[in-house]
Amino acid sequence: AQPPACVSACGTRMSDDCPECEECAECQAELQNQQTAQPMWPVRSALGRHMLQAARAASSSSSSAINAPLSERFTYKYELNLSLIAESLRPKIILNANDEGTKAFLDRCEELSESFWLQSGRSLLQRGLAFFFSRTTVNGMLFRGSMHVLSQAQFRQHLAHPEPAETIAPQQFESLLDIGAGDGGVTSRLAPFFKAVSVTETDRVMRWRLARMGYRVLSPDEAAASTDKYDVVSCLNVLDRCDKPVQLLQQMKASLKPGGKIVIALVLPYTPFVEDGASKLEPTERMAIRGNTIEENINTFVLNVLAPIGLETLAISKTPYLCEGDMRKQYYILNDYMFVARAMS
């Protein structure tokens, strides 16, 4: 899973240098303020620039003691335009909300962002390491960039849908395979429902971190060649960053036990690339996601990608894909879309 690259004021995907981003007046105003307010002084040293950024952040939040915590100020539009969703898919929509797990992650983001020495050290090291390693490896080395997709309670709701969440108990299932588990933060919110957790990850540093968490760590090739079957296979923000996503979906389906489920998180609009060190390459294979709206993207992902390989969609939702921030931003965000599916009978 890769950290979000764009941030917005309103919850839409927004950045001044991202041509794929949606636009809105609120985001445009924020970007203009960022570009025109407080011009950067000619500070030569990196440490000096970071100290200046910290001073600005402190100045802009001088009344933080009386402000509400980030978790209470955070707003996000979870709703989809149901009129644009295929009629057969509308009963599968789950409406998420800012629950306690999401709020706890946001408050942690705020706490880390306000730690000047931590953020300064991370930023300086990141600048140097980025010349030699990928962003994923650097984040693993520095223990930065942890992400949030769904809380434990929300994962439970998605696994149970359309039945009540209470039908899913702790360690309800025997086995989970989480593909592209990253630092294991998101995996840890799924793990309580399983007796055994296996993960795949290509990055060496992340593999070391996952092993320390007690998970069985496999390479993608080992997982593809294995005859092991799982109750649930999760693939969270990987399909748009792998070379052959449809082939990966087929392998996931083949790894399911009878009645097993696949849990997918996918950033939309669909803008795939493959990370190769510091380079971004075009994937060999693209998924047939079409349309000018998010709802059309959802419809075509289900009908053009999942259904043709024999996967029946059980649940769909929209959720903020959150990443820990830095000295400039308390968090980064993209729009994520969740899909739960099973093999067609």
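Refer to the structure above for everything that follows.
As a starting point, this report considers the structure included with it. (Residues numbered from 1 in each chain as written. Predicted model: local features only at pLDDT ≥ 70, side-chain atom pairs only at ≥ 80, totals over all residues. Heavy atoms only, no water.)

1. Quick word on the environment of E201
Okay, step 1: In this structure, E201 sits in the loop between β4 (194-200) and α9 (204-212).
Okay, step 2: What makes E201 buried here is its relative accessible area of 6%.
Okay, step 3: Distance from E201 to G184, taken between C-alpha atoms, is 9.8 Å for residues 17 residues apart in sequence.
Okay, step 4: At 3.5 Å, the side chain of E201 and the backbone nitrogen of A181 are in polar contact.
Okay, step 5: One polar contact links the side chain of E201 to the main-chain amide nitrogen of G182, over a distance of 2.8 Å. (Helix = DSSP H or I, 4+ residues; strand = E, 2+ residues; numbered from the N terminus. Buried < 20%, exposed > 50% of the residue type's maximum accessible area, 1.4 Å probe, protein only. Polar contact = N/O pair within 3.5 Å; in protein donor to acceptor, adjacent residues only side chain to side chain.)

2. Let's talk about unusual backbone geometry
Okay, step 1: Residue P162 is reached from H161 by a cis peptide bond, and omega for that bond is 10°.
Okay, step 2: You can see P162 is positioned in the loop between α7 (152-160) and β3 (173-179).
Okay, step 3: Along the chain, L268 connects to P269 via a cis peptide bond; the corresponding omega equals 0°.
Okay, step 4: Summarising the element assignment, P269 is placed in the loop between β7 (256-267) and β8 (274-276).
Okay, step 5: Here the phi dihedral of Q171 falls at roughly 55°; this positive angle occurs in a residue that is not glycine.
Okay, step 6: Within the secondary structure, Q171 sits in the loop between α7 and β3.
Okay, step 7: You will see that N237, though not glycine, has its phi angle at about 60°, which is positive.
Okay, step 8: Relative to the elements of secondary structure, N237 occurs in the loop between β6 (230-236) and α11 (245-254).

3. What about the packing of aromatic side chains?
Okay, step 1: Evaluation of the coordinates by the stated rule reveals five aromatic pairs.
Okay, step 2: Plain terms: the ring middles of F74 and Y76 are 6.4 Å apart, the flat faces sit at 5° to each other, and that makes the pair stacked. For the residue pair F74 and Y76, the accessibility class agrees, reading buried in each case.
Okay, step 3: Ring plane angle 75° and centroid distance 4.8 Å describe the contact between Y76 and Y78, whose orientation is recorded as edge-to-face. In this pair, the class of Y76 matches that of Y78, namely buried.
Okay, step 4: Linked through ring pairs, F74, Y76, Y78 and Y331 together constitute an aromatic cluster.
Okay, step 5: Here K280 stacks its cationic end above the ring of F273, 4.7 Å away from the centre of that ring. (Phe/Tyr/Trp six-rings, centres within 6.5 Å; stacked < 30°, edge-to-face > 60°. Lys NZ or Arg CZ within 6 Å of the ring centre and 35° of its normal.)

4. A look at the pairing of β4
Okay, step 1: The buried fraction of β4 amounts to five of the seven residues, a majority that puts the element mostly inside the structure.
Okay, step 2: Taken together, the six bridges between β3 and β4 define a ladder with parallel strand orientation. Residue pairing in the sheet places S175 in a bridge with A196 of β4.
Okay, step 3: Summarising the sheet, β4 and strand β5 (residues 216-218) pair through three bridges and their orientation is parallel. Bridge pairing links T200 to L218 in β5.
Okay, step 4: In this fold, the crossover linking β4 to β5 by way of α9 has right-handed handedness. (Pairing = 2+ DSSP bridges. Right-handed = clockwise from strand over helix to strand, strands pointing away.)

5. Here we look at the pattern of salt bridges
Okay, step 1: Overall, the coordinates contain nine salt bridges when judged by the stated rule.
Okay, step 2: Taking the shortest distance from any N to any O, the salt bridge between R108 and E111 comes out at 3.5 Å. Of this pair, R108 and E111 both sit in helix α4 (residues 100-113), three residues apart, which is roughly one turn of the helix.
Okay, step 3: A salt bridge links R216 to D228; its shortest N-O distance comes to 3.0 Å. Taken together, the residues R216 in strand β5 and D228 in the loop between α10 (220-225) and β6 connect sequence positions twelve residues apart.
Okay, step 4: When its relative accessible area of 39% is taken as the criterion, R216 is described as partly exposed.
Okay, step 5: We classify D228 as partly exposed; its relative accessible area is 31%. (Salt bridge = Lys/Arg side-chain N within 4 Å of Asp/Glu carboxyl O.)

6. Considering the environment of K92
Okay, step 1: Considering the arrangement of structural elements, one finds K92 in the loop between α3 (70-73) and β1 (93-94).
Okay, step 2: Along the chain, K92 and S317 lie 225 residues apart, while their C-alpha atoms are 8.3 Å from each other.
Okay, step 3: Beyond its immediate chain neighbours, meaning those up to four positions away, K92 contacts H161, T313, L314, A315 and I316.
Okay, step 4: At 3.2 Å, the side chain of K92 forms a polar contact with the backbone oxygen of T313. (Contact = heavy atoms within 4.5 Å.)

7. Brief notes about α11
Okay, step 1: Taken together, the buried positions of α11 are P245, L248, L249 and M252. Looking down the long axis of α11, one finds its buried residues gathered within 100° of arc, a one-sided arrangement.
Okay, step 2: Considering only its buried residues, α11 is in contact with β3, β6, β7 and α12 (294-306). (Arc of directions from axis to C-beta.)

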